[in-house]
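As a plain string of letters, each chain reads:
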Amino acid sequence: MSSEKLLTLKTRDGEEFVLEEAMAFRSLTIKNATSNYTINNTPLPINVEINTMIKVIEYWKKHSERGISEDELMNFDKKFFKLLHNSELFDLVVAVDYLADKGLSNAACEQVLDKITGKTPQEIRDIFNINNDCTPTSLGG
Amino acid sequence: MAGVDRLSDLPEPILIHILSMLPHAKQVVQTCILSKQWRFLWKSVPVSLDFEFSDSDNVKDTLDFMASTNRELNYWRYCDKIRKFRVCLFNYRNHYVKDVDLWIHFATKLANVESFAIEFQCVDDTYEFPQFAFRNASLRNLVLRHLELNPSGSVNWSSLVSLSIGHLNLTESVIEKVLSGCPNLERLKLHHFWGIYRLEISSTKLRKLIIKDYYNLYDDLWLEILAPFIQTLELLGQCSDVRVSRKTVPSLVTAVLHLDRLNFYFDEEDDDEVDPTLEKQYSNMKELLHSVAHVENLQLSSWCIECLSILELKGWQPPPSSRKFLKLNAALEQLDFPGICSFLQSSSSLKTLVIDWNDHKPRENNWLM
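Cut-off values and rules
- Residues numbered from 1 in each chain as written.
- Chains lettered and ligands numbered in written order.
- Predicted model: local features only at pLDDT ≥ 70, side-chain atom pairs only at ≥ 80, totals over all residues.
- Heavy atoms only, no water.
- Helix = DSSP H or I, 4+ residues; strand = E, 2+ residues; numbered from the N terminus.
- Buried < 20%, exposed > 50% of the residue type's maximum accessible area, 1.4 Å probe, protein only.
- Contact = heavy atoms within 4.5 Å.
- Buried area = accessible area lost by both parts, 1.4 Å probe.
- Salt bridge = Lys/Arg side-chain N within 4 Å of Asp/Glu carboxyl O.
- Polar contact = N/O pair within 3.5 Å; in protein donor to acceptor, adjacent residues only side chain to side chain.
- Nonpolar A, V, L, I, M, F, W, Y, C, P; charged D, E, K, R; others polar.
- Patch = residues over 30% accessible without salt bridge, like charges linked within 9 Å, V, L, I, M, F, W, Y side chains within 5 Å.
- Areas by Shrake-Rupley, 256 points an atom, 1.4 Å probe, with all protein chains shown as cover.
- Axes fitted to C-alpha atoms, helices over the stretch in contact; angles between N-to-C directions.
- Parallel < 35°, antiparallel > 145°, perpendicular 65-115°, else oblique.
- Expected span 1.5 Å × (residues − 1).
- Arc of directions from axis to C-beta.
- Phe/Tyr/Trp six-rings, centres within 6.5 Å; stacked < 30°, edge-to-face > 60°.
- pLDDT = per-residue confidence, 0-100.

K.L.:
Quick one: what's the story with the overall build of chain B, residue by residue and with numbers?
P.N.:
Each helix and strand in chain B was counted, giving nine helices and 17 strands. Overall, chain B is about 80 × 55 × 45 Å in size when its C-alpha atoms are taken along their principal axes. Out of the 369 residues in chain B, the part that is buried amounts to 50%. Contacts spanning at least 24 positions in sequence make up 61% of the contacts within chain B whose residues lie at least 6 apart.

Written as structure tokens, this is what we have:
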């Protein structure tokens, strides 16, 4: 398919890359930004860093594959998120929220949710490095 | 990087979205002690509350459970958005009246929940739904099981979209009051009920009616349904004495007939005993199948299919029907084939036939005798 429309994007940290428009439009933010946009060579700036964008594109590519089965997608998602460090996961959560891709956003949020579900407050503090600055009196509310 | 708290730095809407997916509402409240920053976030998280104590009839244990529920409600009242509130007890006794009143008040007047369910598995005493709760503008879904309904004034559930009431004695005047007070009702379910012989639904919005286990107290009476605008009708369980006709449900598109044979308790001593209600049940089934001939989508239970065979043996011809979709919910046996064949012959416009073989129960073949 040689006539796929391409889009040039520029990340927050200055990296430029090219993506098929159809794939980039999984992001409502990108889609809305290009709606009034005349096609020229100026790259569209997006508020995401390149490392995180690479992960997003990896996910989009897999989820755009023709003929892929539900099972294969599930396995991919499992592996995809397993390989992320907490900090990468949070970068992804924030980036995908900005990009407005509901599917990936829910998937990423569920990953965070899984780390919280069923844990005691102290366990949650340990996992996420939350500093417990509560004093006994401040818990009264 | 060790030591960095990225969770607390997430934008609030994202945090609220994540917390709203926690399966146990209690955990949402617990986040208030994570750190000072988390003190008030929980109040903005939409939650669903479900308090169930339905395994035990022990009075002391039930009272303890209710006390602990009430303690929890003390802080839930500060939550901005309680989507759903459900309480389920094994048994209702007069002991519990103040607590049940409190829960209904909490749900309908304090927290203004959208979905409210109050269910008793059985009742030793009668609980009457309090008068103040018949007027409410926030409720969209209401489920009441084993409560008496006796509105003294008018009913005003202006936002109600779905209503399910069961295990109670109804009267035509109560149903009329309820239906008049729910102008936006789209779905109505009545189950395990008795006391009405006419159900008239004139709202154009109410499109789905579900009736399960109608108890008829009088042999020569039945429940007539007049609902010119309903599009889906489900008759479940024991509904032998529920009557519809093409004239009374002209807009019907989907009919789900998951009917069971009426229970009859055979005398174990008497081998020759025959169920005296059987003939009437076959005759009612025949009428019912006539009355849904105009319906596009039909689902039949295994009892309906058994009846098809009996009726076929008796020489009944199913009326021609323009139905397009037929689902048979039964493991078919050889005895079923003549009945089904004759039924299919009357369905010349059929596009889809689904046979759900899930029901493997061997059938009682008493009717062969």
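K.L.:
Requested: an account of the interface of chain A and chain B, with residues and values cited.
P.N.:
When the parts of a complex come together, some accessible area is lost, and that lost area is often used as the size of the interface. Counting residues at the interface gives 28 residues for chain A and 22 residues for chain B. When chain A packs against chain B, the two sides together hide about 2300 Å² of surface, and 68% of this comes from carbon and sulfur. Per-residue buried area on chain A facing chain B is highest for A:Phe90, A:Leu113 and A:Ile130; these three make up 21% of the total on that side. Our count for the chain A to chain B interface comes out at one salt bridge. Between A:Asp91 and B:Arg6 there is a salt bridge whose closest N-O contact spans 2.8 Å. Scanning the region where chain A abuts chain B turns up ten residue pairs in polar contact (both at pLDDT 80 or more). Where the side of chain A that touches chain B is concerned, the elements lending two or more residues are α5 (86-99), α6 (102-116) and α7 (121-128) of chain A. Residue composition of the side of chain A that touches chain B, grouped by class: 13 nonpolar, nine polar and six charged.

K.L.:
Explain a nonpolar patch on the surface to me, using residue names and the numbers behind them.
P.N.:
Together, B:Leu217, B:Tyr218 and B:Leu221 line one region of the surface with nonpolar side chains, adding up to about 290 Å² of accessible area. Residue position: B:Leu217 is located in the loop between β10 (208-214) and β11 (223-226).

K.L.:
I'd love a proper account of the packing of helix α7 (residues 278-291) of chain B against helix α8 (residues 302-313) of chain B, names of residues and values included.
P.N.:
Residues and elements named next belong to chain B. Between α7 and α8, the least distance of the axes is 10 Å, while the angle of their chain directions is 100°. In terms of orientation, α7 lies roughly perpendicular with respect to α8. Contact residues: α7 offers Leu278, Gln281, Tyr282, Met285, Lys286 and Leu289, while α8 offers Trp303, Cys304, Cys307, Leu308, Ile310 and Leu311. Considering only residue class, the contact of α7 with α8 consists of ten nonpolar, one polar and one charged.

K.L.:
An account of helix α5 (residues 97-110) of chain B is requested, with residue identities and associated values reported.
P.N.:
All names here are of chain B. Under the 1.5 Å per step criterion, the end-to-end length of α5 is 18 Å for 14 residues, consistent within 8% with the ideal 20 Å. Along α5, the residues classified as buried are Asp99, Val100, Trp103, Ile104, Phe106, Ala107 and Thr108. Taken down its axis, α5 places every buried residue within 165° of arc, on the same side. On its buried side, α5 packs onto α4 (59-76), β2 (82-92), β3 (115-123) and β4 (135-136). Just past α5, the residue Asn112 takes up positive phi, approximately 45°.

K.L.:
Tell me what's going on with unusual backbone geometry, and back it up with residues and numbers.
P.N.:
With phi around 60°, A:Asn129 is a residue other than glycine that occupies positive phi space. Here A:Asn129 shows up in the segment after α7. Overall, A:Asn129 belongs to the partly exposed group, its relative accessible area being 32%. Its identity is not glycine, yet B:His167 carries a phi of approximately 60°, on the positive side. In this structure B:His167 comes out as buried when scored by relative accessible area, which is 14%.

K.L.:
I'd like a rundown of the packing of aromatic side chains, residues and numbers included.
P.N.:
Under the criterion given, the structure shown has 24 aromatic pairs over all chains. Consider the rings of B:Phe85 and B:Phe116, whose centres lie 5.7 Å apart with planes at 10°: the pair is stacked. Of this pair, B:Phe85 sits in strand β2 while B:Phe116 sits in strand β3, and the two are 31 residues apart along the sequence. A relative accessible area of 1% means that B:Phe116 is categorised as buried. Aromatic ring contacts, followed pair by pair, group A:Tyr59, A:Phe76, A:Phe80 and A:Phe81 into a single cluster.

K.L.:
Give a description of the confidence of the model for chain B that names residues and reports values.
P.N.:
Residues and elements named next belong to chain B. With 96% of its residues at a pLDDT of 70 or more, chain B has an overall mean of 91. In the model of chain B, helix α9 (residues 337-345) stands out as the element of lowest mean pLDDT, 89, in contrast to strand β5 (residues 141-145), which has the highest, 98. Reported confidences for the modelled complex are a pTM of 0.83 and an ipTM of 0.87.

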